[in-house]
Amino acid sequence: MLIEPTYTAKQYWSTILLAGILISIISIIIYISLYWFLYVPHSYLFSLIYFIPLLGSAITISFFKYKYVWNEFTYSSAFKMSFFTSQISNVLFCIFLFIIYNLGLESRIDLFNTNDHYNLQKLMSPFAISISMFIINLFLSVFFSFIIAIFAKRKKTI
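This one's a predicted model, so the numbers in the text were calculated from it and none came from an experiment. (Residues numbered from 1 in each chain as written. Predicted model: local features only at pLDDT ≥ 70, side-chain atom pairs only at ≥ 80, totals over all residues. Heavy atoms only, no water.)

(A) Focus on the nonpolar core. With 16 residues, the main nonpolar core has Tyr 31, Phe 46, Ile 49, Phe 93, Leu 97, Tyr 101 and Met 133 as its most contacted residues. Going through the elements one at a time, α1 (9–37), α2 (48–67), α3 (75–102) and α5 (126–152) are the ones with two or more residues in this core. Top element by residues in this core is α1. It accounts for six residues. (Core = buried A, V, L, I, M, F, W, Y, C linked by side-chain atoms within 4.5 Å. Buried < 20%, exposed > 50% of the residue type's maximum accessible area, 1.4 Å probe, protein only. Helix = DSSP H or I, 4+ residues; strand = E, 2+ residues; numbered from the N terminus.)

(B) Main features of the packing of aromatic side chains. Per the counting criterion, the structure on display carries nine aromatic pairs. An aromatic cluster of three or more residues is present, and its members are Tyr 12, Trp 13, Phe 64, Phe 79, Phe 83, Phe 84 and Phe 146. (Phe/Tyr/Trp six-rings, centres within 6.5 Å; stacked < 30°, edge-to-face > 60°.)

(C) Local environment of the packing of α1 against α3. Relative orientation of the contacting elements α1 and α3 amounts to 40°, with a least axis distance of 8 Å. Classified by the angle between their axes, α1 and α3 sit oblique to one another. Helix-helix and strand crossings are classified by hand; for α1 and α3 the assignment is right-handed. Partitioning the contact of α1 with α3 into residue classes produces 19 nonpolar, seven polar and one charged. (Axes fitted to C-alpha atoms, helices over the stretch in contact; angles between N-to-C directions. Parallel < 35°, antiparallel > 145°, perpendicular 65-115°, else oblique. Left-handed = near helix turned anticlockwise from the far one by under 90°. Nonpolar A, V, L, I, M, F, W, Y, C, P; charged D, E, K, R; others polar.)

(D) Spatial organisation of α3. For α3, which comprises 28 residues, the first-to-last C-alpha distance of 40 Å matches the rise-based estimate of 40 Å (1.5 Å per residue) to within 8%. Once α3 finishes, Gly 104 follows within two positions and takes phi at roughly 125°, a positive value. (Expected span 1.5 Å × (residues − 1).)

(E) Up close: the side chain of Ser 57. Relative to the helices and strands, Ser 57 resides in helix α2. The class of Ser 57 is buried, set by a relative accessible area of 1%. With residues near it in sequence (within four places) discarded, Ser 57 still touches Ile 23, Ser 82, Thr 85, Ser 86 and Ile 148. (Contact = heavy atoms within 4.5 Å.)

Structure, rendered in structure tokens:
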């Protein structure tokens, strides 16, 4: 008799939590590396930070499907897994940004040629940087989760 294994709620949520933490650690390492070693005023390398949750969520779902899902994996389960993984990494990454900018990491305001330094300092405060990163990643994670869930769902074959 063949028994098809399927996932449990504990496996589902522990995979989300662990993947979210790992994605945030990778995002932090890449952000710090780009900031200290490859920073130029108009660099497109920082856009990599926005695609790390996409790549991490896709790898998480494919690992989860390969390891635990043998039966049916619905669109809503795939969407929730991708979204919550992205949001856990988003929250941890934004908390890290807030702490590191409060501890003295420069926000590089001097790179902008403007006379309105007061408003620019308000927009480049640690709180504003972390909140804007959170909002951007929130919208991107919804968009990425829709795309990932389309490809990740698995129908039960008879």
